[in-house]
Amino acid sequence: MIEELKEEQIVNKVGGRFKLSTLIQKRMIALNQGARPLVDGRGLDKITMVIQEIMQDKIYLDLSGKLQTNEPTEDFEVDGGTVDLTQSSE
């Protein structure tokens, strides 16, 4: 098991175990659908990349439960705000 998931720090960072589970699930779906990783993923499996994105404050759930990022990505145009990573770019 990934060590970060055993600690309360990641649970507290996200706001609870249910929110952590939801965030991981939504980000894994986005990565499996071709989303670009927000951390250097060389040699990492997808779940480890997601955990690193959470620990580095790169992704979070907004108040409506949508997966968001604090960093603009190449695939989306953002006016200094957040990006909904669950929406298709097409």
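For the structure, see preceding data.
Heads up: these notes are all about the structure in this document. Owing to the predicted nature of the structure, the values given are computational and were not obtained by experimental measurement.

**Side note on the environment of Lys13**
Working step 1: Topologically, Lys13 is positioned in helix α2 (residues 8–14).
Working step 2: When neighbours within four sequence positions are excluded, Lys13 is seen to be in contact with Ile54, Met55 and Asp57.
Working step 3: A distance of 2.9 Å separates a polar atom in the side chain of Lys13 from a polar atom in the side chain of Asp57.

**Overview of unusual backbone geometry**
In most cases, non-glycine residues show a negative phi, while peptide bonds are predominantly trans.
Working step 1: Of note in the backbone geometry, Asp57 takes a positive phi value of approximately 60° without being a glycine.
Working step 2: Looking at where Asp57 falls in the secondary structure, it is placed in the loop between α4 (46–55) and β1 (59–61).
Working step 3: By relative accessible area, which is 43% here, Asp57 ends up partly exposed.

Here is what the cut-offs are and how they apply
Residues numbered from 1 in each chain as written. Predicted model: local features only at pLDDT ≥ 70, side-chain atom pairs only at ≥ 80, totals over all residues. Heavy atoms only, no water. Helix = DSSP H or I, 4+ residues; strand = E, 2+ residues; numbered from the N terminus. Contact = heavy atoms within 4.5 Å. Polar contact = N/O pair within 3.5 Å; in protein donor to acceptor, adjacent residues only side chain to side chain. Buried < 20%, exposed > 50% of the residue type's maximum accessible area, 1.4 Å probe, protein only.

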